[in-house]
Amino acid sequence: MADFKQNLRAYADLIVRVGVNLQPGQDLMITNIINRGVSLQTAPLVRAIAAAAYEAGSRKVDVIWSDPELRLLNFTKASPDAAVDYPDWMADALQRHVENGGALVTIHADAPGLLRQVDSDLVSAAQQSALKKTHHARQYTQSNKVNWLVIGASSPDWARRVFPDLPEEEAVDRLWETIFKVCRVDRQDPVAAWQNHIEDLKSRTDYLNHKHYTALKFSGPGTDLTVGLPDGHIWRSGRGQTQSGIPFIPNLPTEELFTAPHRAKVEGVVTATKPLSYGGSLIEDFTIRFEGGKVVSVSARKGENVLQKLVDTDEGSSRLGEVALVPYSSPISQTGIMFFNTLYDENAACHLALGSAYPFNLANGEAMSSEELLAAGCNRSVVHVDFMVGSNQIDVDGVCADGTHEAVMRLGEWAFDL
Ligand code: ZN
Ligand code: ZN
């Protein structure tokens, strides 16, 4: 228990000092927009973050709370219109906070399937309402006008999903231990560990950006895939900076280096190395074949029709929008756990995403129209779904402009020195 409290304090410290990098005099808001607040189940962590924030000189800390049971009641008992409509006061509070330069911490503590008893159309309509009404405020985080952070916290709801065979209390503790481990909270000096880690990611990003590879070639069991990279592609990693120059890390944990693939230049076959959780279903042991950038066939031992539906969502969902490199030895990968949470699962292994690419992965991309992005090879779609292709058996080569190959990863680990 003493250990837990100590770890919780260290985690909170990391969140405040390294993650969101709260500045003296700055306000902090802790919430979760989609869930209309941060889960009451995370109260011990929220209190620890508030304490760390005041210690760092914060002017004030505001928390918007949400109770999972009340959310369920709202969905099942309120009139559908009222249940769906995002409260204006909540949107206003967020808007005023970011307009005043406040920092934002979002805590994820839930698992998909929590609202299983609720009509899924109702849940997605509520989500749309939340996104629509907070659109203005979210521009402040999306364009880095303020420092912001997304983190995870253990809760009975999430822990039950990750460790279904354990009694609830044990599952919650196990998930906390895992979060502390993958967030490097168990290291001697977690703050220094993160600073080193982020520096390493940055140096590797710089290396790849200087290489200007025309493609990456993935080879391994069941995988022989060439992923073309567009001219002007930019590798990015987990470091952000506000427009005013405050460095921060928008996701804790973060392990990936990622860029935009060329939407028309993906050839060959790739076999996923982990199951994909999508729309409440699990897709297992699946293979995707590409020609001219487009998916031409999929096969899966389980969930093949769900995968096919995903691919058929729109024109862009049959093409790639992200290629990301994560070493096999990274802490999340080593846990071997399926978290059912993108923040964690996306950092577990090298991955590709079907669907939209990030415009900031292309030089000048953020100033381009949709047509210009497409013309430059940057994919567009309503979906962005990551699936894992990395393992300790995967090799990645960079293809140079003259056609020669260079080792980027061997057996899942970095193969170049800095
Ligand atoms: Zn990624
Ligand atoms: Zn992604």
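Because the structure is predicted, anything quoted here is derived from the model rather than measured.

Asker: What should I look at first to understand the coordination of the zinc ion (ligand 2) in this one?
Answerer: A four-donor tetrahedral metal ideally has 109.5 degree angles, and a six-donor octahedral metal ideally has angles of 90 or 180 degrees. Looking at the metal site, the zinc ion (ligand 2) is ligated by Glu 322 (OE), Glu 346 (OE), His 384 (NE2), Asp 386 (OD) and Asp 386 (OD), spaced 2.0 to 2.7 Å from it. A gap of 3.5 Å separates the zinc ion (ligand 2) and the zinc ion (ligand 1), which Glu 322 links by coordinating each metal. We classify Asp 386 as buried; its relative accessible area is 11%.

Asker: Help me understand empty space enclosed by the protein in this model?
Answerer: Applying the stated criterion across every chain, the model contains 3 cavities of 30 Å³ or more. In this structure, the largest cavity encloses a volume near 70 Å³. Every residue lining the largest cavity is counted, 12 residues in all, and those nearest its centre are Asn 35, Ser 39, Pro 68, Arg 71 and Asp 110.

Asker: I keep staring at the coordination of the zinc ion (ligand 1) and nothing clicks. Help me out?
Answerer: Note on the zinc ion (ligand 1): its protein donors are Glu 256 (OE), Glu 322 (OE), Glu 346 (OE) and His 351 (NE2). The metal-donor distances range over 1.8 to 2.2 Å. In this structure, the zinc ion (ligand 1) is surrounded by 4 donor atoms whose angles at the metal cover 92 to 132°, and the resulting shape is tetrahedral. Between consecutive donors of the zinc ion (ligand 1), the numbers of intervening residues give the motif E-x65-E-x23-E-x4-H.

Asker: Please clarify how the environment of Cys 378 should be interpreted in this entry.
Answerer: Position of Cys 378 among the secondary structure elements: in the loop between α14 (370–375) and β18 (384–388). Among the residues examined, Cys 378 registers a relative accessible area of 0% and is labelled buried. Here Cys 378 is in contact with Arg 263, Ala 357, Tyr 358, Pro 359, Leu 362 and Leu 373, once residues within four sequence places are set aside.

Asker: Looking at this structure, how should I read the sheet that holds strand β17 (residues 351–355)?
Answerer: Strands belonging to one sheet form pairs held by backbone hydrogen bonds; the direction of such a pair is parallel or antiparallel. Here 4 strands make up an open sheet; going across it, the order is β11-β16-β17-β18 and the pairing antiparallel. Of all the strands in the sheet, the pair left with one neighbour each is β11 (257–259) and β18. Between one strand axis and the next, the sheet turns through 20° on average, direction left out of account. In this structure, strand β16 (residues 320–325) lies alongside β17, joined through 4 bridges in antiparallel fashion. When the sheet's bridge partners are listed, Glu 322 is paired in β17 with Ala 353.

Asker: Got a minute to help me understand the environment of Ile 246 in this structure?
Answerer: Note that Ile 246 resides in the loop between β9 (240–241) and β10 (247–248). Counting along the chain gives 203 residues from Ile 246 to Ala 43, while the straight-line C-alpha distance between them is 28 Å. With sequence-adjacent residues up to four places away left out, Ile 246 is seen in contact with Asn 21, Gln 23, Asn 147, Gly 240 and Gln 241.

Asker: In this structure, what is going on with the sheet that holds strand β5 (residues 103–108)? I would like to understand it.
Answerer: Spatially, the 4 strands line up as an open sheet ordered β3-β1-β5-β6, and their pairing is parallel. Every other strand in the sheet has two partners, leaving β3 (61–63) and β6 (148–152) as the edge strands with one partner each. Strand-to-strand twist of the sheet, defined as the mean angle between neighbouring strand axes without regard to direction, takes the value 20°. By the bridge criterion, 4 bridges tie strand β1 (residues 28–31) to β5 in an arrangement that is parallel.

Asker: What is the right way to read helix α5 (residues 88–99) from this model?
Answerer: Structural remark: α-helix, 3.6 residues per turn; residues separated by three or four positions point the same way. With 12 residues, α5 should reach 16 Å at 1.5 Å per residue; the first-to-last C-alpha distance of 16 Å fits that figure. On its buried face, α5 is in contact with β1, β5, α6 (120–133) and α7 (135–142). Just downstream of α5, Gly 101 is the residue with a positive phi angle, here 85°.

Asker: I would appreciate a short explanation of unusual backbone geometry in the present structure.
Answerer: Generally, phi is negative for residues other than glycine and the peptide bonds are trans, each holding for most cases. With an omega of 0°, the peptide bond between Leu 252 and Pro 253 qualifies as cis. Within the secondary structure, Pro 253 sits in the loop between β10 and β11. The phi dihedral of His 212 falls on the positive side, at around 45°, and the residue is not glycine. Here His 212 shows up in the loop between α10 (190–211) and β7 (215–220). One non-glycine residue, Asp 285, lies in positive phi territory at about 45°.

Asker: Sorry, what's going on with the layout of surface pockets here?
Answerer: Rolling a probe over the atoms, with the probe sized like a water molecule, indicates the empty space that remains. If you add up the space inside the second largest pocket, you get close to 260 Å³. Taken together, 10 residues line the second largest pocket, and the ones lying closest to its centre are Phe 4, Asp 173, Trp 176, Glu 177 and Phe 180. Mapped by element, the contributors of at least two residues to the lining of the second largest pocket are α1 (2–19) and α9 (168–182). When residues of the lining of the second largest pocket are assigned to their parent elements, the largest contribution, 6 residues, is made by α9. Here the lining of the second largest pocket is built from residues that sort into 5 nonpolar, 1 polar and 4 charged.

Asker: Which parts of the structure should I look at to understand the environment of Cys 183?
Answerer: Within the element layout of this structure, Cys 183 appears in the loop between α9 and α10. Cys 183 sits in the buried class, given a relative accessible area of 0%. A C-alpha to C-alpha distance of 8.0 Å links Cys 183 and Tyr 11, two positions 172 residues apart in sequence. Other than its neighbours up to four places away in sequence, Cys 183 contacts Tyr 11, Leu 14, Trp 194, Leu 252, Pro 253 and Tyr 344.

Asker: Just to check I follow, could you spell out the packing of aromatic side chains for this structure?
Answerer: Each aromatic ring pair is described using two quantities: the centre-to-centre distance and the angle formed by the ring planes. Overall, the coordinates contain 14 aromatic pairs when judged by the stated rule. Through a chain of ring-to-ring contacts, three or more aromatic side chains come together here, namely Phe 4, Tyr 11, Trp 176 and Phe 180. The ring of Phe 163 has Arg 174 lying over it, and the distance from NZ or CZ to the ring centre is 5.5 Å. The positively charged end of Arg 184 is found above the aromatic ring belonging to Trp 194, 5.2 Å away from the centroid.

Conventions and cut-offs
- Residue numbering note: each chain is counted from 1, following its sequence as written.
- Note on labels: chains are lettered from A, ligands numbered from 1, in written order.
- In keeping with the predicted nature of the model, local features appear solely for residues at pLDDT of at least 70, side-chain atom pairs appear and are counted solely at 80 or more, and the whole-chain, interface and lining totals rest on all residues.
- Based on all heavy atoms of the structure, the side-chain values leave hydrogens and waters out of the count.
- Sites may look incomplete, because water is not among the atoms used; the donor set itself consists of N, O and S atoms within 2.8 Å of the metal (3.2 Å for Na, K and Ca).
- Only protein chains enter the area calculation, which uses a 1.4 Å probe; residues under 20% of their type maximum are buried, those over 50% are exposed, and those in between are partly exposed.
- Think of a 1 Å grid over the protein atoms and nothing else: a 1.4 Å probe that fits but is trapped marks a cavity, an open set flanked by protein within 12 Å on at least five of seven lines marks a pocket, and residues with an atom within 4 Å of a point count as lining.
- Grid points are joined across faces, edges and corners, and a volume is the space filled by probe spheres set on the points.
- Here the metal geometry follows the donor angles, with tetrahedral for four donors whose angles all fall between 85 and 135 degrees, square planar for four and octahedral for six when opposite donors are more than 155 degrees apart and every other angle is between 65 and 115, and irregular for all the rest.
- Only DSSP runs of H or I reaching four residues or more are called helices, and only runs of E reaching two or more are called strands; each is numbered from the N terminus.
- Note on contacts: a residue pair is in contact if any heavy atoms of the two residues lie within 4.5 Å.
- For two strands to be treated as a pair, DSSP must find no fewer than two bridges joining them.
- Helix axes are fitted to C-alpha atoms over the stretch in contact, other axes to C-alpha atoms as well, and angles between N-to-C directions run from 0 to 180 degrees.
- By this rule, a helix spans an expected 1.5 Å times one less than how many residues it contains.
- Ten residue types, Ala, Val, Leu, Ile, Met, Phe, Trp, Tyr, Cys and Pro, are classed as nonpolar, four, Asp, Glu, Lys and Arg, as charged, and the remainder, Gly among them, as polar.
- Only rings of Phe, Tyr and Trp enter the pairing, Trp through its six-membered ring, and a pair is recorded when the two centres are within 6.5 Å. The plane angle decides the type: under 30 degrees is stacked, over 60 is edge-to-face, the rest tilted.
- Should the NZ of a Lys or the CZ of an Arg lie within 6 Å of a ring centre and within 35 degrees of the ring normal, that charge is described as sitting over the ring.

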